[in-house]
Amino acid sequence: MHFRNILWNLAGLGLPLLIAALTVPKLLTLIGPERFGFLALAWGLIGYAGALDLGIGRAITQRISVLRGGADNEQIPDVVATAVRITLVTGGVGMVLIVIAALSGAYRLIHADMVPAAEIELSMLLLGLALPMQAISASYRGVNEAYLNFKSINILRLFLGAANFGAPFLVALYTNQVHWLVATLVLSRCLALVFYRRCAHHCMVKEGHIRRGNYGKQFARSLLQFGGWFTLSSMVSPFLVQADRFFVGALISASAVTLYVIPYEVTVQTLLFVGAVTTVAFPVITHLIHSAPQQAAATFQLWLYRVTGLMLMLMAVLAWVMPYLLHLWIGPQLTEASVRVGQILCIGVFFNAIGAMYFALLHAYGKTKMTAMLHLAELPFFIAALYVLISHYGVAGAAIAWVLRMAVDTLALVVMARIIKQQKFIGLGESTLRGTHE
């Protein structure tokens, strides 16, 4: 199942972790816990900016995967042009909202004693510039994924990974001011957009699409019909993923964000294998659904078993070595609370790995409404759980709330898959949907 593409994904997702491992401890020492906490929030905000593409990145991958080689193949340039126009507008709206939030003093919600307010405000304004670039990049990345151009995508990921951690570290050698650290993140997103665009155009030219595409309302409706519910999911899901660190910052302190984020990143980054598989599986299964449905079912089943077995072993080992790993990596700056956070999160990551496979499967069949409604339903319960558990158990409470959400999310995705089977929307056999939850 396109092992080469999966290996490229592993490289693109995994090698930046090495850079993080080498730079984060020294970066923490150079800028201090509070500024590192704000930098972690900046990483989270840029990650949330992916929701501003309104699901168009995912939709364009699905749409081009269907159109390639078909009678309507010539529509692809117009689909791409339409997607870029939409994400330009939505990214611009996001930028305006961030600017308004910065100027109205929203940053005061995070407790900080050592970081000047002007420094934080300028950092937010800079982050606003990254939002439209991030949104448009999602469209061009979707084009590359539809053409299975994972080599170029992951070369870019290597660059972004290096810039994400390495660039702030290099700047921190000269200054610890947050806005200069954030400026490196904005610059890297600008360069990434340029290269995503060039790679997408190269893929299209190789298949004979040399004309300039035009925006079309019918294409916009088609993309938004698929991406509409995914839009809701895309907006809610990053908040579900990132909300814990913001609640930790608001209810405890910016320094506590550091205690939480470092074990969180160590644990959650192990999902890179799952991401490598699902990113390739989505366009492949989408294409097979229209040409070889049974092969699509077999592909999903095979990789579900492989992902489950690997992640079970990996999380068991990681939970065991967590105390030694964190103390070896970071040293005495982290407390035992951070170790407990990492061990608790290992359980949630295992559930998340299984859920990610079902999430990709449901989207390959166009069932974005179901996943969006699930995320929307989870949101108020997750917020309540974060508030209660953090108030009672500190950073460990945030980890517990995250694990509970992942367990419920995965169970719900499996149930949805069973419902679809019973309604005969898809032709997967009983063994495929049984997965690891029997």
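Below is a summary of the structure that appears in this document.

### Topic: the overall build of the protein
Check the secondary structure of the protein and you find 14 helices and zero strands. Listed N to C, the secondary structure of the protein is α-α-α-α-α-α-α-α-α-α-α-α-α-α in terms of helices and strands. The burial tally for the protein puts 55% of its 438 residues in the buried class. Contacts in the protein between residues far apart in sequence, at least 24 positions, make up 84% of those at least 6 positions apart. Of the roughly 18600 Å² of accessible surface on the protein, 68% is carried by carbon and sulfur atoms.

### Remarks on helix α6 (residues 178-206)
Between its first and last C-alpha atoms α6 spans 43 Å; for 29 residues at 1.5 Å apiece the expected length is 42 Å, and the two agree. At the C-terminal side of α6, Gly208 shows a positive phi close to 90 degrees.

### A word on the nonpolar core
Among the nonpolar cores identified, the biggest contains 127 residues, and Val80, Tyr260, Met311, Tyr358 and Trp402 are the most heavily contacted of them. Among the elements that take part in this core, helix α11 (residues 336-364) stands out by supplying 15 residues, more than any other. Ignoring sequence-local partners within four residues, the contact set of Val80 consists of Ile60, Ile64, Tyr140, Val143 and Met204.

### Section: the environment of Met311
One can find Met311 in helix α10 (residues 293-329). Separated by 37 residues in sequence, Met311 and Val274 place their C-alpha atoms 8.6 Å apart.

### Brief notes about unusual backbone geometry
Phi is positive for Leu148, close to 55 degrees, though the residue is something other than glycine. Mapped onto the elements of the fold, Leu148 is located in the loop between α4 (117-146) and α5 (150-172). Look at Leu148 and you get partly exposed, because its relative accessible area is 25%.

Conventions used here
- Residues numbered from 1 in each chain as written.
- Predicted model: local features only at pLDDT ≥ 70, side-chain atom pairs only at ≥ 80, totals over all residues.
- Heavy atoms only, no water.
- Helix = DSSP H or I, 4+ residues; strand = E, 2+ residues; numbered from the N terminus.
- Buried < 20%, exposed > 50% of the residue type's maximum accessible area, 1.4 Å probe, protein only.
- Contact = heavy atoms within 4.5 Å.
- Areas by Shrake-Rupley, 256 points an atom, 1.4 Å probe, with all protein chains shown as cover.
- Expected span 1.5 Å × (residues − 1).
- Core = buried A, V, L, I, M, F, W, Y, C linked by side-chain atoms within 4.5 Å.

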